[in-house]
Amino acid sequence: ITLVAASPSTSAFTQNTITLTQATSSGVAACSGTDYVGGNFTPANGEIISGDHCNVGTFTVTSGFTVNITAGTALRVFATTANIAGTLDGVGKGSAGGLSCGTNGSGTGGGTGGTCNANVGAGGGGHGGAGGNSSTGKAGGVSYGSLTQPVTLGSGGGSGATAVGGAGGGAVYLKVTGTLTLDGTINANGAAGAIDGANSSGSGGGAGGSVFIDTST
């Protein structure tokens, strides 16, 4: 199965949701990172992880723990079994939002920035679908990526007059040859945009990223 964080946010400060889609992992690049040689991988509470983790025995996110994903870098874990009882947090860990007045968000589907003037909002980031346009006509970002093999980062929203755009969601791929137990949370939502009350404008929210799970049970 695949959990896909859907794209777009329709305007400032709107976050994305999660959609369930059937998928296949054929064609996904082989693991090329650290080889655990069958050893277990249990990140500490608050630890930041990214990159490829290969030949893991059991991947565990402990109940009550939050394990964060490095911004701008996908996380891929290839394991025999996995137990996600805590939170694997990729919220806003994709491509950055626009950082200064009127700049576009980063990524293939970066939202269009507003302007340095008042009353002009920015577009939301795109990913699995086009980003939402602002109420003042600034375009949301284009759609990209795969619905059946979602492995790409979400794009950032454009910036408003002073408000920074929301960053896109991160990307998580779990290849589990045995059993995956998911009693916790895997979150790759895009970050919310922000309101610039002084200038009556706002930034675009980031697009959701990708959560791709390939497991036998």
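Definitions and cut-offs
Residues numbered from 1 in each chain as written. Predicted model: local features only at pLDDT ≥ 70, side-chain atom pairs only at ≥ 80, totals over all residues. Heavy atoms only, no water. Helix = DSSP H or I, 4+ residues; strand = E, 2+ residues; numbered from the N terminus. Buried < 20%, exposed > 50% of the residue type's maximum accessible area, 1.4 Å probe, protein only. Lys, Arg positive; Asp, Glu negative; His and termini not counted. Salt bridge = Lys/Arg side-chain N within 4 Å of Asp/Glu carboxyl O. Polar contact = N/O pair within 3.5 Å; in protein donor to acceptor, adjacent residues only side chain to side chain. Contact = heavy atoms within 4.5 Å. Disulfide = S-S within 2.5 Å.

*Asks:* Hey, could you go over the side chain of aspartate 89 for me, with residue numbers and the actual values?
*Replies:* For aspartate 89, the location among the structural elements is in strand E8 (residues 87-89). For the buried aspartate 89, no salt bridge is present, and the opposite-charge side chain at shortest range is lysine 93, 6.1 Å distant. For aspartate 89, the side chain forms a polar contact with the main-chain nitrogen of valine 91, separated by 3.0 Å. Residues within four places of aspartate 89 in sequence aside, it is in contact with Thr66, Val67, Asn68, Ile69 and Asn187.

*Asks:* Describe the state of the cysteines, naming the residues involved and giving the relevant values.
*Replies:* Put plainly, a disulfide is one covalent bond tying together the sulfur atoms of two cysteines. Across all of its chains, the model carries 2 disulfides by this definition. Through a disulfide, cysteine 31 is tied to cysteine 54; the S-S separation comes to 1.9 Å. Because the torsion about its S-S bond is -90 degrees, the bridge between cysteine 31 and cysteine 54 counts as left-handed. Of this pair, cysteine 31 sits in the loop between strand E2 (18-21) and strand E3 (34-35) while cysteine 54 sits in strand E5 (residues 51-61), and the two are 23 residues apart along the sequence.

*Asks:* So what's going on with the pattern of salt bridges? Which residues, and what values?
*Replies:* Under the counting rule described, the total for this entry stands at 2 salt bridges. Aspartate 52 is the partner of arginine 76 in a salt bridge, and the nearest nitrogen-oxygen pair spans 2.7 Å. Of the two residues, arginine 76 sits in strand E7 (residues 75-84) while aspartate 52 sits in strand E5, which places them 24 residues apart along the sequence. Here lysine 175 ties to aspartate 214 by a salt bridge, and the two come within 2.9 Å at their closest N and O atoms. With lysine 175 in strand E9 (residues 171-176) and aspartate 214 in strand E14 (residues 210-215), this residue pair connects regions lying 39 residues apart in the sequence.

Taken by themselves, the reported measurements are silent on function.
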